[in-house]
Amino acid sequence: MQMNIITLTLPSLGTNCYIVGDDKVAAVIDPASDAEKIKTTADENGPEIKAILLTHGHFDHIGALDDLVSLTGARVYIHALDAPMLSDGYLNASRIFYGKDTVQNCAVKAVADCDIIKIGDLDFKVIHTPGHTAGSVCYLCGDAMFTGDTVFESGFGRTDLPTGNGADLMRSIKKLKDNFEVNHIYPGH
């Protein structure tokens, strides 16, 4: 299995967006903004975008969602507990940060802990890691883990926004540490 990972760091908060796939098909993880740039980058490197995997529903991880779905027809996956965030500016924190709602209206498929999402030859295992949000997840693919805002390069995501919970986040980090050995962590920021 050949896994290719392309990282784009996108505005407005420097969110890492990943294009992960083989030579033919790919998933986009957390399309923060600029759907055209995400699609053009995928096109230039070969794989067709078939899926969009959301680690959670905050505005800085979903900003290009509807536009990217329109450009690609990709299926969208998000944990059931975070699905309401897509259409609620308070829950996704856009209203809190910018005073206006950023909402997405595309259809989604709800995922749960231990689900497997197959994209081409790659399997993405869903790991529910509540704390940053109630429906935060990480995606494990081979020896790589895409952590969204559950784990950063030098810390972890905040818990003071809607559905955040510090005690849950500490339990989630312990779950990751005790149960998963990975060689590469790809954080949301």
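Structure's up top.
Cut-offs used in this document
Residues numbered from 1 in each chain as written. Predicted model: local features only at pLDDT ≥ 70, side-chain atom pairs only at ≥ 80, totals over all residues. Heavy atoms only, no water. Pairing = 2+ DSSP bridges. Helix = DSSP H or I, 4+ residues; strand = E, 2+ residues; numbered from the N terminus. Axes fitted to C-alpha atoms, helices over the stretch in contact; angles between N-to-C directions. Core = buried A, V, L, I, M, F, W, Y, C linked by side-chain atoms within 4.5 Å. Buried < 20%, exposed > 50% of the residue type's maximum accessible area, 1.4 Å probe, protein only. Contact = heavy atoms within 4.5 Å.

A.B. asks: Quick one: what's the story with the sheet that holds strand 8 (residues 122-128), residue by residue and with numbers?
C.D. replies: Pairing in this open sheet of 5 strands is mixed, and the strands run 7-8-9-10-11 from one edge to the other. One side of each edge strand has no neighbouring strand; the edge strands of this open sheet are strand 7 (116-119) and strand 11 (184-187). Adjacent strand axes in the sheet meet at a mean angle of 25° when their direction is disregarded. Two elements, strand 8 and strand 9 (residues 137-141), share 4 bridges in a ladder whose sense is antiparallel. Residue pairing for strand 9: Ile127 is matched across the bridge by Cys138.

A.B. asks: I'd like to hear about the nonpolar core, residue by residue, with values.
C.D. replies: Of all hydrophobic cores here, the largest spans 24 residues; its most connected members are Ile19, Ile38, Ile52, Leu54 and Leu65. With sequence-adjacent residues up to four places away left out, Leu54 is seen in contact with Asp30, Pro31, His61, Ile62, Leu65, Val76, Tyr77, Ile78, Leu86, Val137 and Tyr139. Membership of the second largest hydrophobic core comes to 20 residues, among which are Ala27, Tyr77, Val126 and Tyr186.

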